[in-house]
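Residues per chain are reported as follows:
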Amino acid sequence: MLVFAAAAVGATTLIGTGRATAASATDLAHPSYPESSSVPGPSARAFSVQSASAYPNGQIPVSELAYVGESTNSLGAQYLIADAAASYRALASAYQKALGKPLTLAEGYRNLARQQYLWDGWNERRPGFKLAAKPGTSIHGLGRAVDFSGGIDSYGTTAKNWMNKNGPTYGWIPKGDGFSPLEPWHFEYDGSWTDTTNAGEDDLYKIIKAAETDNVFIVGPAGRATISTPSHVSLLQRMQKGDTLLTVEVDICISYIRKVY
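One structure accompanies this document, and this report is about it. Note that the structure is a prediction, hence the values are computed from the model and not measured.

Okay, the pairing of strand S6 (residues 186-189) next. Where burial is concerned, the two faces of S6 agree: the one with His186 and Glu188 and the one with Phe187 and Tyr189 are both buried. Alignment of strand S4 (residues 145-148) against S6, held across three bridges, turns out to be antiparallel. Bridging across to S6, Asp147 finds its partner in His186. Judged from the two bridges that link them, strand S5 (residues 172-173) and S6 form a sheet pairing that is antiparallel. Looking at S6, one finds that Ile173 is bridged to Glu188.

Right, dumping it as structure tokens:
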């Protein structure tokens with residue numbers, strides 16, 4: 001039955017993971033929400049040929065990041081490291097169900113050039129610039145911080161209250177509430193979230209071996225990708241739970257696959 005399922009899926013590149021394939025242009029024209037000069041904690045978890053956390057702060061290639069949405073601050077596509085992105089999507093789903101509107105963000109991952117721009121603007125006291133972390137120290141530069149919008153950026157709103165109560169369940173901590181000055185929009189991912197949902201089969205990815213050809217595929221609702229070497233098959237098998245790959249494993253595996261092919 002599984003072999004039949006693999007044959008039935010179109011031989012397309014997996015597109016449902018939101019994985020970035022090319023760097024977006026750096027937009028230096030719009031000051032972001034400010035960020036406190038906080039000190040990064042332990043490196044965030046991620047995996048690919050070289051873990052995203054192995055790169056210097058603000059220098060993670062976009063190929064190692066996962067797309068999470070468009071900026072409401074005119075900054076274009078926004079990205080996070082794989083596990084932070086997986087938890088973000090789960091949080092966004094819960095937020096939508098609870099409040100009846102989409103979760104939005106002003107900014108996620110921030111590269112070194114943009115952090116330098118914000119730092120310079122703050123130090124030169126340019127209009128519109130507020131406190132920014134020194135380049136190389138921003139949690140945004142690790143791909144595990146988000147400046148939310150849509151009401152989360154203001155105290156006393158339903159959106160902010162819901163996020164403060166429920167965000168930590170998904171590993172998103174309102175660190176900005178402890179900054180001086182306060183930054184209600186700033187949340188940081190602490191790496192604690194684990195996908196424990198019991199999703200239906202259509203929402204899961206599987207490792208499938210076609211008996212007639214011995215080809216091995218990673219197969220899911222968005223399509224399939226051939227896994228061509230024993231070492232890659234072994235890697236994916238170590239990451240599966242039962243006979244399925246849940247969301248966070250899929251993000252990690254697809255990052256690896258895209259890097260090595």
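With that settled, the discussion passes to the nonpolar core. By size, the foremost hydrophobic cluster in this structure holds 32 residues, and its most contacted members are Tyr88, Leu103, Phe148, Met163 and Trp172. Elements with a minimum of two residues in this core: strand S1 (66-70), strand S2 (77-80), helix H2 (82-99), S4, helix H4 (158-166) and S6. Membership of the second largest hydrophobic core comes to five residues, among which are Val216, Ile218, Ile227 and Val233.

Here the focus is H2. For H2, built from 18 residues, the straight-helix expectation of 26 Å at 1.5 Å per residue is met to within 8% by its first-to-last C-alpha distance of 25 Å. All of the buried residues in H2 are Ala82, Asp83, Ala84, Ala85, Ala86, Ser87, Tyr88, Leu91, Ala92, Ala94 and Tyr95.

An order of S3-S4-S6-S5 is seen for the four strands of this open sheet, with the pairing classed as antiparallel. Edge positions in the sheet fall to strand S3 (105-107) and S5, since each has one partner strand and no second.

Let us now look at the pattern of salt bridges. For the coordinates displayed, the defined rule picks out five salt bridges. When the shortest N-O distance is used, the salt bridge between Lys160 and Asp177 registers 3.0 Å. Remark: Asp177 occurs in the loop between S5 and S6 and Lys160 occurs in helix H4; sequence separation between them is 17 residues. Given the relative accessible area of 1%, Lys160 is considered buried. For Asp177, a relative accessible area of 25% puts it in the partly exposed group.

A separate point is the packing of aromatic side chains. This model, assessed by the stated rule, comprises eight aromatic pairs. Their ring planes at 80° and their centres at 6.4 Å tell us that Tyr88 and Trp172 sit as a pair that is edge-to-face. Of this pair, Tyr88 sits in helix H2 while Trp172 sits in strand S5, and the two are 84 residues apart along the sequence. The two residues Tyr88 and Trp172 agree in class, both being buried. Each ring, one from Phe148 and one from Phe187, has its centre 5.3 Å from the other, and the planes form 85°; the classification is edge-to-face. Pair noted here: Phe148 is in strand S4 and Phe187 is in strand S6, with a separation of 39 residues, a long-range link.

The rules we used
- Residue positions are given per chain, counted from 1 along the sequence in the order it is written.
- pLDDT decides what is reported in this predicted model: residues at 70 or higher carry local features, side-chain atom pairs at 80 or more are listed and counted, and totals for whole chains, interfaces and linings draw on all residues regardless.
- Note: side-chain values were computed over all heavy atoms of the structure, leaving out hydrogens and water.
- Type-normalised accessible area, obtained with a 1.4 Å probe on protein chains alone, sets the label of each residue: buried when under 20%, exposed when over 50%, and partly exposed for intermediate values.
- Here a strand is any run of E in DSSP of at least two residues, a helix any run of H or I of at least four, and the numbering for each starts at the N terminus.
- Strands are labelled as partners when DSSP assigns at least two bridges between them.
- Residue types Ala, Val, Leu, Ile, Met, Phe, Trp, Tyr and Cys, when buried and joined through side-chain atoms within 4.5 Å, form a set referred to as a nonpolar core.
- For a helix, the expected span equals 1.5 Å multiplied by the number of residues minus one.
- Throughout this description, the term salt bridge denotes a Lys or Arg side-chain nitrogen within 4 Å of a carboxyl oxygen of Asp or Glu.
- Ring pairs shown here join Phe, Tyr and Trp side chains whose ring centres sit within 6.5 Å, with only the six-membered ring taken for Trp; geometry is labelled stacked below 30 degrees between planes, edge-to-face above 60, and tilted in between.

Bear in mind that shape data such as this cannot, by itself, settle questions of function.
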